[in-house]
Amino acid sequence: MRILHLSDTHLTASGFDEDGVDAAASLDRILHDVRFVPDLDVVVVSGDLADDGSVEGYTAVHERIGRFAAERQIPQVYCVGNHDNRAAFAHVLGSGHLDAAGSDIGQIAGPEARAALSEVSGLRVITLDSLVPGSAHGYLSDAQLAWLASVLAQPAPTGSVVVVHHPPIAPTSVPWMAVDGLRNAEALGDVLAGTEVRAVLCGHFHLQLAGSLRGIPVSVTPGVVTRLDLTTRPHLWRGVKGAGATVVELHASGGSLFYAVQARDPHAGEPVYLVDTRSGTDATTED
């Protein structure tokens, strides 16, 4: 199985995100540059689809990724992030699990959270809803975790992949990431431990990051609209241009492989924002 993992497209009604980045062009660029990745089975987008939570933003994402999926005759899977709006997401994308033609094929967990599942050639893809409205961090409700446990109690033919926007891992050298990640990561780990889950796919940090949760691989993909540059001081949050994605390979032997791909952007590396996380304000310098 080969998965194209995208995240943090941040499209809007205008096409530009709140930082002035042409998010539509960033998505177009990465989709163009991954067009030769062979044998894709599904494309997954792990949240923050629309920067403004607008129907127009979701429609723009769906038009682009839906066209990519249709050309390859593969399903498309979306989950919500902290910038997303559940009602607008559902209006355009339904459960978030669509076939190559755009028809909804997902089994939704319930009317509140946008958690759902579908199956791709024996692989169960489960999307979770870690959105806490008005907050940057993520959290999974007890009801959602109970639903996940009930789902995983029944094995899928070739295992499961869990997609959640907020990562349950964070580098210890960047303190603010743990605060802005998944707040109840241990609770998720309790549910996943000892199950057939082969990988957890996340976004949110706009950073390529790999780790594990209870022995299960966790992969955080770079952002599409911008990526995080960790060569700055630990208390600073520096975003730069340059769309990225991850190709996930799940081997028949049970092993997994993750590798990042970057769009060929002539503006890659140009700074977009610099924030001092101690005060939450723009930083004028890196001193």
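Residues numbered from 1 in each chain as written. Predicted model: local features only at pLDDT ≥ 70, side-chain atom pairs only at ≥ 80, totals over all residues. Heavy atoms only, no water.

**Comments concerning the sheet that holds strand S14 (residues 244–250)**
Then, number 1: Reading across the sheet, the six strands line up as S4-S3-S2-S1-S14-S15 and stay open at both edges, with mixed pairing between neighbours. Both edges of this open sheet fall to strand S4 (97–98) and strand S15 (256–262), since each of them pairs with a single strand only.
Then, number 2: Of the strand pairs in this sheet, strand S2 (residues 42–46) and strand S3 (residues 76–79) are connected by four bridges, and their pairing is parallel. What sits directly across from Val-44, in S3, is Val-77.
Then, number 3: On top of the sheet, helix H2 (residues 55–72) reaches strand S1 (2–6), S2, S3 and S4; it is set at about 150° to S3, its chief contact. (Pairing = 2+ DSSP bridges. Helix = DSSP H or I, 4+ residues; strand = E, 2+ residues; numbered from the N terminus. Contact = heavy atoms within 4.5 Å. Axes fitted to C-alpha atoms, helices over the stretch in contact; angles between N-to-C directions.)

**Side note on the sheet that holds strand S6 (residues 116–120)**
Then, number 1: Sheet architecture is open: seven strands sit in the order S5-S6-S7-S8-S9-S11-S10, paired in mixed fashion. Looking at which strands have only one partner, the edges of the open sheet turn out to be strand S5 (107–108) and strand S10 (209–213).
Then, number 2: Pairing of S10 with strand S11 (residues 216–220), which is carried by five bridges, proceeds in the antiparallel orientation. Pairing of Ala-210 across the sheet is with Ser-219, part of S11.
Then, number 3: Helix-sheet contacts for helix H4 (residues 142–152) involve S5, S6, strand S7 (123–127), strand S8 (160–163) and strand S9 (197–202), and the interaxial angle to S7 is about 175°.
Then, number 4: Against the sheet, helix H6 (residues 185–192) makes contact with S8, S9, S10 and S11, and its axis sits at roughly 60° relative to S10, the strand it touches most.

**Brief notes about H2**
Then, number 1: Helix length check: H2 (18 residues) gives 25 Å between terminal C-alpha atoms against 26 Å at 1.5 Å per residue, within 8%.
Then, number 2: Of the surrounding secondary structure, the elements contacted by the buried residues of H2 are S1, helix H1 (23–33), S2, S3 and helix H3 (86–93).
Then, number 3: Gln-73 occupies a position one or two residues after H2 and carries a positive phi of about 55°. (Expected span 1.5 Å × (residues − 1).)

**Focus on the environment of Leu-230**
Then, number 1: Following the sequence through the fold, Leu-230 ends up in the loop between strand S12 (227–228) and strand S13 (236–240).
Then, number 2: Take Leu-230: its relative accessible area is 37%, and that puts it in the partly exposed class.
Then, number 3: In the structure, Leu-230 is positioned 191 residues away from Asp-39 in sequence and 32 Å away in space, judged by C-alpha atoms.
Then, number 4: In this structure Leu-230 touches Val-174, Met-177 and Leu-207, once residues within four positions along its chain are discounted. (Buried < 20%, exposed > 50% of the residue type's maximum accessible area, 1.4 Å probe, protein only.)

**So, the pairing of S14**
On a regular strand, one side chain projects to one face of the sheet and the next to the other, so that they alternate.
Then, number 1: Burial analysis of S14 places seven of its seven residues in the buried class, which makes it a mostly covered element.
Then, number 2: Going residue by residue along S14, you find Gly-244, Thr-246, Val-248 and Leu-250 tucked away on one face and Ala-245, Val-247 and Glu-249 tucked away on the opposite face as well.
Then, number 3: Here S1 runs beside S14; their pairing, made up of four bridges, is antiparallel. What sits directly across from Arg-2, in S14, is Glu-249.
Then, number 4: Bridge count for S14 against S15 is seven bridges, and the pairing is antiparallel. For Gly-244, the partnering residue across the bridge sits in S15 and is Gln-262.
Then, number 5: Counting the residues between successive antiparallel strands, the hairpin from S14 to S15 contains five residues, one of them, Gly-254, with a positive phi of roughly 105°.

**Points about H4**
Each turn of an α-helix holds 3.6 residues, which means side chains three or four residues apart point in the same direction.
Then, number 1: Of all the residues in H4, the buried ones are Gln-144, Leu-145, Trp-147, Leu-148, Val-151 and Leu-152. Taken down its axis, H4 places every buried residue within 155° of arc, on the same side. In this structure, H4 carries Asp-142 and Ala-143 as exposed residues pointing more than 90 degrees from its buried face. (Arc of directions from axis to C-beta.)

**Some words on the pattern of salt bridges**
Then, number 1: Throughout the structure, instances matching the rule amount to 13 salt bridges.
Then, number 2: Two residues, Arg-2 and Glu-249, come together in a salt bridge whose shortest N-O distance is 2.9 Å. On the criterion of sequence distance, the pair formed by Arg-2 in strand S1 and Glu-249 in strand S14 is long-range, its members being 247 residues apart.
Then, number 3: Exposure remark for Arg-2: the relative accessible area of 18% places this residue in the buried category.
Then, number 4: A relative accessible area of 13% places Glu-249 in the buried class.
Then, number 5: Close ionic contact of Glu-186 with Arg-214 constitutes a salt bridge, the shortest N to O distance being 3.2 Å. (Salt bridge = Lys/Arg side-chain N within 4 Å of Asp/Glu carboxyl O.)

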